[in-house]
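Chain by chain, the residues:
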Amino acid sequence: NNTYTNDTSLNFQWRNQTIADFYRFKLLLDETVILDENLETNSVTLPDDIANFDELVEGEFTWQVQALNDISQSSFTSAIFTIDRTNPGKPNLQSPLNNDTVSVVPVTLKWERPSTSGSPIKDNLLVYSDSITNNPIIDIVLDNSEYALEVGNGVYFWTVQSVDLAGNESEVSQTNKFVIAIEKK
């Protein structure tokens, strides 16, 4: 329940009921029924297993299943999921700007993430102490769009990539270089 995905093929499974002769499977987009099928098995893969069913579109879905036999039926069991295939927008680094010199730590790294209409976003922040960017000194996933970096004097490079809960990735932001130069007393 409450899952986000960008998959184009989804497998639905439910617990087998020994007294069930078949199962009624329903799929709703928002509140509109788009599929209502009787199945002899306790699973279905969409769109592969259902004839005349198009690929799943983006949106919030509810799926329901009910066990039935000749004399009785269970209540429907429901779960909600969201299909999101839209990549988040590219983050924009705000501070420190490229080639800034900073004389106070911690350095607050700030960036702007474009608004999104899909699933919730997290950001992957990478900070390097060399321009080759092979081994980050910071590699962290954040819910918010700023980070207090506590490091010593030196040259640093940083970049951000947004990833939503469905697994869609943004383009990587530009890479900004900054210098920390704290005078020793």
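Just above sits the structure.
Residues numbered from 1 in each chain as written. Predicted model: local features only at pLDDT ≥ 70, side-chain atom pairs only at ≥ 80, totals over all residues. Heavy atoms only, no water.

Caption draft 1: Molecular detail of the environment of Gly 59. Tracing the backbone shows Gly 59 in strand β6 (residues 59–68). Those residues in contact with Gly 59 that lie beyond four places of it in its chain are Leu 29, Phe 81, Thr 82 and Ile 83. (Helix = DSSP H or I, 4+ residues; strand = E, 2+ residues; numbered from the N terminus. Contact = heavy atoms within 4.5 Å.)

Caption draft 2: Structural detail: the packing of aromatic side chains. The final tally for this structure, using the stated rule, is 10 aromatic pairs. Measuring from centroid to centroid gives 5.6 Å for Phe 12 and Phe 81, while their planes differ by 55°, and the two rings are tilted. Note that Phe 12 is positioned in strand β2 (residues 10–13) and Phe 81 in strand β7 (residues 77–83), a separation of 69 residues in sequence. A relative accessible area of 6% places Phe 81 in the buried class. Measuring from centroid to centroid gives 6.0 Å for Phe 25 and Trp 63, while their planes differ by 35°, and the two rings are tilted. Here Trp 63 lies in strand β6 and Phe 25 lies in strand β3 (residues 22–29), a separation of 38 residues in the sequence. Considered together, Phe 25 and Trp 63 belong to a single accessibility category, that of buried residues. Taking NZ or CZ as reference, Lys 26 lies 5.0 Å from the ring centre of Phe 76, over its face. (Phe/Tyr/Trp six-rings, centres within 6.5 Å; stacked < 30°, edge-to-face > 60°. Buried < 20%, exposed > 50% of the residue type's maximum accessible area, 1.4 Å probe, protein only. Lys NZ or Arg CZ within 6 Å of the ring centre and 35° of its normal.)

Caption draft 3: Representation of the sheet that holds strand β13 (residues 146–149). Taken in spatial order, the three strands line up as β8-β10-β13 in an open sheet, and their pairing is antiparallel. Every other strand in the sheet has two partners, leaving β8 (92–95) and β13 as the edge strands with one partner each. Across the sheet, the mean angle from the axis of one strand to that of its neighbour is 25°, orientation sign disregarded. Bridge count for strand β10 (residues 107–112) against β13 is four bridges, and the pairing is antiparallel. For Lys 110, the partnering residue across the bridge sits in β13 and is Glu 146. (Pairing = 2+ DSSP bridges. Axes fitted to C-alpha atoms, helices over the stretch in contact; angles between N-to-C directions.)

Caption draft 4: The arrangement of the pattern of salt bridges in detail. Enumeration over the complete set of coordinates arrives at three salt bridges. For Arg 24, the salt bridge identified is with Asp 36, shortest N-O distance 2.6 Å. Placement of the pair is Arg 24 in strand β3 and Asp 36 in strand β4 (residues 32–39), with a sequence separation of 12 residues. Relative accessible area serves as the criterion here: at 37%, Asp 36 is assigned to the partly exposed category. (Salt bridge = Lys/Arg side-chain N within 4 Å of Asp/Glu carboxyl O.)

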